[in-house]
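Coordinate analysis (summary)
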Amino acid sequence: DTGVSQDPRHKITKRGQNVTFRCDPISEHNRLYWYRQTLGQGPEFLTYFQNEAQLEKSRLLSDRFSAERPKGSFSTLEIQRTEQGDSAMYLCASSLNRVVSTEAFFGQGTRLTVV
Amino acid sequence: LAKTTQPISMDSYEGQEVNITCSHNNIATNDYITWYQQFPSQGPRFIIQGYKTKVTNEVASLFIPADRKSSTLSLPRVSLSDTAVYYCLVGEYSGAGSYQLTFGKGTKLSVIP
């Protein structure tokens, strides 16, 4: 089963450090999404790509957050100068470019703990 | 953004049918209604989507009245493994065939033996 893969699954970092997460979508999916989820809340949309184009990034939480998808395949999410409030689960999802479909496939997430 | 409102939690006994209702009063014409399921420490999983009337798949049914301001997810004969958080979303059309998914807090369903 080649689902959405995220790496690492867990990351502990000290406040002020930079972290980068990787997402490998399902191979034929051209849309890729990043979400953040804190305890007791639903996933919060951050950004999305269609192929290598980042079509929505206004929801990125601050300018410390950035995402790339250089070749339209895997994507990375970077958080610079981490803060304790960045501690959360970071979820990646991918989907096909269908006209009428709200089905996205999520990875298991990267749990970030900032100490 | 189309906001959804659903119960925070529900309990059900095994074998019962469970109906979770969601309201989405400001749904737009091009928006679709979607439900996802999430287990602890996993990403959400798509259950079903619909535009109007009734949609059924192997997992659930989705009932949408004519005004589309609410929807009901129906899970037949739940088992303990259906204990999860269920999210009602309005997939908002953002152009070029793209739908943006905005999650709320979801409904935590607990199935009791």
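Reading the values: the criteria
Residues numbered from 1 in each chain as written. Chains lettered and ligands numbered in written order. Predicted model: local features only at pLDDT ≥ 70, side-chain atom pairs only at ≥ 80, totals over all residues. Heavy atoms only, no water. Salt bridge = Lys/Arg side-chain N within 4 Å of Asp/Glu carboxyl O. Buried < 20%, exposed > 50% of the residue type's maximum accessible area, 1.4 Å probe, protein only. Helix = DSSP H or I, 4+ residues; strand = E, 2+ residues; numbered from the N terminus. Core = buried A, V, L, I, M, F, W, Y, C linked by side-chain atoms within 4.5 Å. Contact = heavy atoms within 4.5 Å. Disulfide = S-S within 2.5 Å.

All names here are of chain A. Using the criterion set out here, one finds four salt bridges over all chains in the structure. The partner of Arg-36 in a salt bridge is Glu-44, and the shortest N-O contact between them spans 3.6 Å. Residue class for Glu-44 comes out partly exposed when judged on its relative accessible area of 35%. Between Arg-64 and Glu-83 there is a salt bridge; the shortest N-O distance is 3.4 Å. Taken together, the residues span a long stretch of sequence, with Arg-64 in the loop between strand 6 (53-56) and strand 7 (65-68) and Glu-83 in the loop between strand 8 (75-79) and strand 9 (88-95) at a distance of 19 residues. The class of Arg-64 is buried, set by a relative accessible area of 9%. For Glu-83, a relative accessible area of 40% translates into the label partly exposed. Each of the salt bridges in this network shares a partner with another, and the network as a whole consists of Arg-64, Glu-83 and Asp-86.

Turning our eyes to something else, we now look at the nonpolar core. Membership of the largest hydrophobic core comes to 20 residues, with the highest contact counts inside it found for Trp-35, Ile-47, Leu-73, Leu-75 and Tyr-86 of chain B. Where this core is concerned, the elements lending two or more residues are strand 2 (18-23), strand 3 (32-38), strand 4 (45-50), strand 6 (61-64), strand 7 (70-75), strand 8 (84-93) and strand 10 (107-112) of chain B. In terms of residue count, the dominant contributor to this core is strand 8 of chain B (four residues). In this structure, Leu-73 of chain B is in contact with Val-18, Asn-19, Ile-20, Trp-35, Ile-47, Ile-48, Ala-60, Ser-61, Leu-62 and Tyr-86 of chain B, ignoring residues within four places of it in sequence. Counting residues in hydrophobic clusters, the runner-up holds 19 residues, among them Val-19, Leu-32, Trp-34 and Ile-79 of chain A.

Put plainly, a disulfide is one covalent bond tying together the sulfur atoms of two cysteines. Inspection of the entire model under this criterion finds two disulfides over all chains. There is a disulfide in this structure between Cys-23 of chain A and Cys-92 of chain A, and the S-S distance comes to 1.8 Å. Torsion about the S-S bond of the Cys-23 of chain A and Cys-92 of chain A cystine: about -70°, corresponding to left-handed handedness. Placement of Cys-23 of chain A in strand 3 (residues 19-24) and of Cys-92 of chain A in strand 9 is noted, with a sequence separation of 69 residues between them. This pair shows no difference in class: Cys-23 of chain A is buried, exactly as Cys-92 of chain A is. A sulfur-sulfur distance of 2.1 Å marks the disulfide that ties Cys-22 of chain B to Cys-88 of chain B. Negative torsions about the S-S bond denote left-handed disulfides, and the value of about -80° found for Cys-22 of chain B with Cys-88 of chain B makes this one left-handed.

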